[in-house]
Structures are given as C-alpha cells and as structure tokens.
Amino acid sequence: MSCDATSDEHIFDRNLLQLIDLRDSTVEYRCDISPAHPGPDLELRPLKLSDFHRGYLDVLSQLTVVGDVSQEKFESQFRAMKSSPGTYYITVIEDTKKDRIIGTATLLVERKFIHSAALRGRIEDVVVLDEYRGRDLGKLLVHAMTELGRKLGCYKMSLDCKEKVKSFYAQFGYVAEGNYFMSLRYNE
C-alpha cells in the first residue's frame, strides 16, 4: 500500500498544527525552535500512513514494548484511529534529510458528558530517539500537544509520568494530583 496516493494521508488535518502559537509562553527553550521550525531538516506534522517505513514503531520501542506489528496491522490501526475524527492527534517529528521519524507524542481527546459535554485531553507516548535528545524536541512535542488541546477546547489535560520527570511537565502547567493512578494490565 505504501506506493499509492493514500500512503501520504495524515491521521488528522495538518492545518491544526498551524493553530499552535507558543510565542506568549513562559516555557524556555535552549534552541530557537517552534512547531513550524523544529530545527534544520526537521518537520513537525501528523502521523502518515507511510510512516511505518520511516521507523515510527522504532521510535515507540524506545518508550515501551511495541510487540509484533506488521505493516498490515499498522495500516488497519491507523485507519481505525483516523475513522474517529477529533480523537487521535498523533504527531511526529521527521528528519526529512534521513526520511526518518525521530520523535512522537499523542494527544488523545475524550468526549465527556460532564462539564457541559466537554472535551478532555490526555498526552501519551512522548518519546524522542536517543541521538536527537538534548535539542528540546520532547519539550516541543509536549508543549505543542498541550497547546493543541487548549485550541481544541479541552477543559482539562492530563498525563502519567514517573516522579523523576514531574518537574519537566510542571513547566507546561501540569500539577501532580496525588498518587491515585491505578491500572490493570492484561496479557503481560
């Protein structure tokens, strides 16, 4: 499928990323980067169907176990996510010179009945390849997803993180709300 016209379809409208304006932010960057200009030969954009071949799953594998995901399974999952518009905002950074995905973050938007049928955002799967760390790209991804959530009208944003990185997320306005996170995992 990667040779046909649909292989470059995005998981969400790439124009939404143009809504993100970080100029009035208090978050400081070491480098002069923005969503429009993440660095030389780098592009911040929505996940594409063809990113299977650009190493998207390799990037995720630096975060957690990905498992056995064939191209067919990837394409099926991509289409299922895309068929729920307004829910999955999987964003990547591509090294366009190397034709390789080097970072990613996901904004997952949940529709609620509470808060006058509001939207709630959740940031997931934030990771940058080892050799690209130290360039504030993870910071840019989290900041962009946080601001996108705001622009989409989310009443609340949340994420899960380890104690040692709470201060990283605090710079975007996230605050710890206790240690009440619980999970149940199947088949591990």
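The structure we're discussing is the one just above.
Now for a quick tour of the structure.

Criteria and cut-off values
Residues numbered from 1 in each chain as written. Predicted model: local features only at pLDDT ≥ 70, side-chain atom pairs only at ≥ 80, totals over all residues. Heavy atoms only, no water. Core = buried A, V, L, I, M, F, W, Y, C linked by side-chain atoms within 4.5 Å. Buried < 20%, exposed > 50% of the residue type's maximum accessible area, 1.4 Å probe, protein only. Helix = DSSP H or I, 4+ residues; strand = E, 2+ residues; numbered from the N terminus. Contact = heavy atoms within 4.5 Å. Salt bridge = Lys/Arg side-chain N within 4 Å of Asp/Glu carboxyl O. Pairing = 2+ DSSP bridges. Phe/Tyr/Trp six-rings, centres within 6.5 Å; stacked < 30°, edge-to-face > 60°. Lys NZ or Arg CZ within 6 Å of the ring centre and 35° of its normal.

Overview of the nonpolar core
And step 1. Within the largest apolar cluster, 45 residues are counted, with the highest numbers of intra-cluster contacts made by Leu47, Tyr56 and Met145.
And step 2. Elements supplying a minimum of two residues to this core: strand E1 (42–46), helix H1 (56–60), helix H2 (71–82), strand E2 (88–95), strand E3 (100–111), strand E4 (119–128), helix H4 (137–152) and strand E5 (154–158).
And step 3. No other element matches the 7 residues that H4 contributes to this core.
And step 4. Those residues within four positions of Tyr56 in sequence are excluded, and the remaining contacts are Leu47, Asp51, Phe74, Ile90, Val92, Ile101 and Thr104.

Some thoughts on the pattern of salt bridges
And step 1. Counted according to the given criterion, the structure contains 20 salt bridges.
And step 2. One salt bridge connects Arg14 with Glu43, and the closest N-O pair in it is separated by 2.6 Å. Within this pair, whereas Arg14 is found in the segment before E1, its partner Glu43 is found in strand E1, the two being separated by 29 residues in sequence.
And step 3. Given the relative accessible area of 24%, Glu43 is considered partly exposed.
And step 4. A salt bridge links Lys112 to Glu110, with the nearest nitrogen and oxygen atoms 3.4 Å apart.

A look at the pairing of E3
And step 1. Sheet topology places E2 next to E3; 8 bridges connect them, and they run antiparallel. Each residue of the ladder has a partner; that of Tyr88, found in E3, is Leu108.
And step 2. In this antiparallel pair of consecutive strands, E2 and E3, the connection spans 4 residues, and Asp99 shows a positive phi of 55 degrees.

Some words on the packing of aromatic side chains
And step 1. In total, this model carries 5 aromatic pairs according to the counting rule given.
And step 2. With a centroid separation of 6.2 Å and an interplanar angle of 65 degrees, the aromatic rings of Tyr56 and Phe74 are classed as edge-to-face. In this pair, Tyr56 sits in helix H1 while Phe74 sits in helix H2, placing the two residues 18 residues apart along the sequence.
And step 3. Residue Tyr56 is classed as buried on the basis of its relative accessible area of 5%.
And step 4. Above the face of the Tyr29 ring, Lys139 is positioned so that its terminal group lies 5.5 Å from the ring centre.

Function-wise, these values are silent; they only describe arrangement.
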